[in-house]
Amino acid sequence: MVRGKTEMKRIENATSRQVTFSKRRNGLLKKAFELSVLCDAEVALIIFSPTSKLYEFSSSSIAKTIERYQSRVKELGSNHKRDADSQQPRGETYGLTKKIEQLEISKRKMLGEGIDVCSIEELHQLENQLERGLTRIRVKKYQLLRDEIEKLKEEERNLIKENKELNEKLSGMGAIVVASSSSTLTSSEVNTDGNDNMEVETGLFIGPPEPRQSKKIDPQT
């Protein structure tokens, strides 16, 4: 008699369920034993029945197998974390690479390159982007021009102020030079008048002139 395929769902009949559990439990324990012997594998099997009865099998020791299992799980968790940490930079690098590619494509489109495959909507969006960019550029340009004009005006005011101060200093120095020249001229005139008076002044003598004695020169000398 050919056995039909068992439908994988909970057996509703309690008696049938208990019979099936006993049969399959024994088969599972037998398979675990065969696996440990034939393949030299460390096998641990723990089964709880619906009534919480414990059935177990171990090729060495349940406690040692469980301890080994926990240690291995912890090690695998650490390795998985390291792998995840190492994969994160790779993922970030890939994302940055994609962004750079998109930026390069957008740049070429703004330069009018590679727009043959663009749709009307894409061209319209590109046109709006260019207009917004031009508006910002013009605003910045006019701002720089206004700043430059204000700077030149400030320099002009400073030059005018310096020129005025220099003219005032030169005017003051000219007045000092004129005053000094006038003072020198007056002193010279005074000295000249004094000399003239000394040359003109003579003595008055009444009476015959005194005879002048002439000194005779000896011819022999």
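Right, let's walk through the structure included here. Here the structure is a predicted model, which means the values were calculated and not measured.

**Considering the overall build of the chain**
Turning to step 1, where the next piece is worked out: A tally of regular secondary structure across the chain gives 3 helices and 2 strands.
Turning to step 2, where the next piece is worked out: Counting helices and strands in the order they occur from the N terminus, the chain gives α-β-β-α-α.
Turning to step 3, where the next piece is worked out: Taken over 221 residues, the chain has a buried fraction of 7%.
Turning to step 4, where the next piece is worked out: Looking at the chain alone, contacts between residues at least 24 apart form 17% of all its contacts between residues at least 6 apart.
Turning to step 5, where the next piece is worked out: When the accessible surface of the chain is totalled, it reaches about 20800 Å², and 57% of it is carbon and sulfur.

**Some details on the side chain of Ser49**
Turning to step 1, where the next piece is worked out: Turning to its location among the elements, Ser49 is positioned in the loop between strand E1 (44-48) and strand E2 (54-58).
Turning to step 2, where the next piece is worked out: Discounting residues that sit within four places of it in the chain, Ser49 has contacts with Phe21 and Tyr55.

**Things to note about the nonpolar core**
General note: in soluble globular proteins, nonpolar side chains tend to be found buried as a group.
Turning to step 1, where the next piece is worked out: Counting residues in hydrophobic clusters, the biggest one holds 7 residues: Phe21, Ala32, Val43, Leu45, Ile47, Tyr55 and Phe57.
Turning to step 2, where the next piece is worked out: For this core, the elements supplying multiple residues, two or more each, are helix H1 (14-39), E1 and E2.
Turning to step 3, where the next piece is worked out: Once you skip the residues sitting within four places of it in the chain, Phe21 turns out to touch Ile47, Phe48, Ser49, Pro50 and Tyr55.

**A short note on a negative patch on the surface**
Turning to step 1, where the next piece is worked out: Taken together, the side chains of Asp147, Glu148, Glu150 and Glu155 define an acidic patch exposed on the protein surface.
Turning to step 2, where the next piece is worked out: Counting through the fold element by element, Glu155 comes out in helix H3 (residues 120-200).

**Describing the side chain of Thr65**
Turning to step 1, where the next piece is worked out: Among the secondary structure elements, Thr65 is positioned in helix H2 (residues 62-110).
Turning to step 2, where the next piece is worked out: Leave out the neighbours within four places in its chain, and Thr65 touches Glu42, Ala44, Ser58 and Ser60.

**Overview of H1**
Turning to step 1, where the next piece is worked out: A rise of 1.5 Å per residue sets the reference length of H1, with its 26 residues, at 38 Å; its end C-alpha atoms lie 37 Å apart and thus fit the reference within 8%.
Turning to step 2, where the next piece is worked out: Where H1 is concerned, the buried positions are Phe21, Arg25, Ala32 and Ser36.
Turning to step 3, where the next piece is worked out: By the N-cap criterion, in which a side-chain oxygen at the helix start approaches the backbone nitrogen of a residue two or three places on, H1 is capped by Asn13, the distance to Thr15 being 3.0 Å.
Turning to step 4, where the next piece is worked out: Backbone geometry just downstream of H1 places Asp40 in the positive-phi region, at approximately 55°.

**Side note on the packing of aromatic side chains**
Turning to step 1, where the next piece is worked out: Using the criterion set out here, one finds 2 aromatic pairs in the structure.
Turning to step 2, where the next piece is worked out: Ring centres 6.2 Å apart and planes at 80° place the aromatic pair Phe33 and Phe57 in the edge-to-face group. Of this pair, Phe33 sits in helix H1 while Phe57 sits in strand E2; the two residues are 24 residues apart in sequence, bridging distant segments of the chain.
Turning to step 3, where the next piece is worked out: On the accessibility criterion, Phe57 (18% relative accessible area) is buried.
Turning to step 4, where the next piece is worked out: Above the plane of the ring of Tyr55 lies Arg25, whose end atom (NZ or CZ) is 4.3 Å from the centre.

**Quick notes on the pairing of E2**
Turning to step 1, where the next piece is worked out: Here E2 shows a buried face lined by Tyr55 and Phe57 and an unburied face lined by Leu54, Glu56 and Ser58.
Turning to step 2, where the next piece is worked out: Bridge count for E1 against E2 is 5 bridges, and the pairing is antiparallel. Its bridge partner lying in E2, Ala44 is registered against Ser58.
Turning to step 3, where the next piece is worked out: Taken together, E1 and the strand that follows it, E2, pair antiparallel across an intervening segment of 5 residues, in which Ser52 is found at a positive phi of about 70°.

**Focus on unusual backbone geometry**
Keep in mind that most residues, glycine aside, have a negative phi and that most peptide bonds are trans.
Turning to step 1, where the next piece is worked out: Positive phi outside glycine occurs at Asp40, with the angle close to 55°.
Turning to step 2, where the next piece is worked out: Here Asp40 lies in the loop between H1 and E1.
Turning to step 3, where the next piece is worked out: A residue is classified by how much of its surface remains accessible, and Asp40, at 71% relative accessible area, is exposed.
Turning to step 4, where the next piece is worked out: The phi dihedral of Ser52 falls on the positive side, at around 70°, and the residue is not glycine.
Turning to step 5, where the next piece is worked out: Mapped onto the elements, Ser52 comes out in the loop between E1 and E2.

Quick notes on the rules
- Residues numbered from 1 in each chain as written.
- Predicted model: local features only at pLDDT ≥ 70, side-chain atom pairs only at ≥ 80, totals over all residues.
- Heavy atoms only, no water.
- Helix = DSSP H or I, 4+ residues; strand = E, 2+ residues; numbered from the N terminus.
- Buried < 20%, exposed > 50% of the residue type's maximum accessible area, 1.4 Å probe, protein only.
- Contact = heavy atoms within 4.5 Å.
- Areas by Shrake-Rupley, 256 points an atom, 1.4 Å probe, with all protein chains shown as cover.
- Core = buried A, V, L, I, M, F, W, Y, C linked by side-chain atoms within 4.5 Å.
- Patch = residues over 30% accessible without salt bridge, like charges linked within 9 Å, V, L, I, M, F, W, Y side chains within 5 Å.
- Salt bridge = Lys/Arg side-chain N within 4 Å of Asp/Glu carboxyl O.
- Lys, Arg positive; Asp, Glu negative; His and termini not counted.
- Charge placed at Lys NZ, Arg CZ, Asp CG, Glu CD.
- Expected span 1.5 Å × (residues − 1).
- Polar contact = N/O pair within 3.5 Å; in protein donor to acceptor, adjacent residues only side chain to side chain.
- Phe/Tyr/Trp six-rings, centres within 6.5 Å; stacked < 30°, edge-to-face > 60°.
- Lys NZ or Arg CZ within 6 Å of the ring centre and 35° of its normal.
- Pairing = 2+ DSSP bridges.

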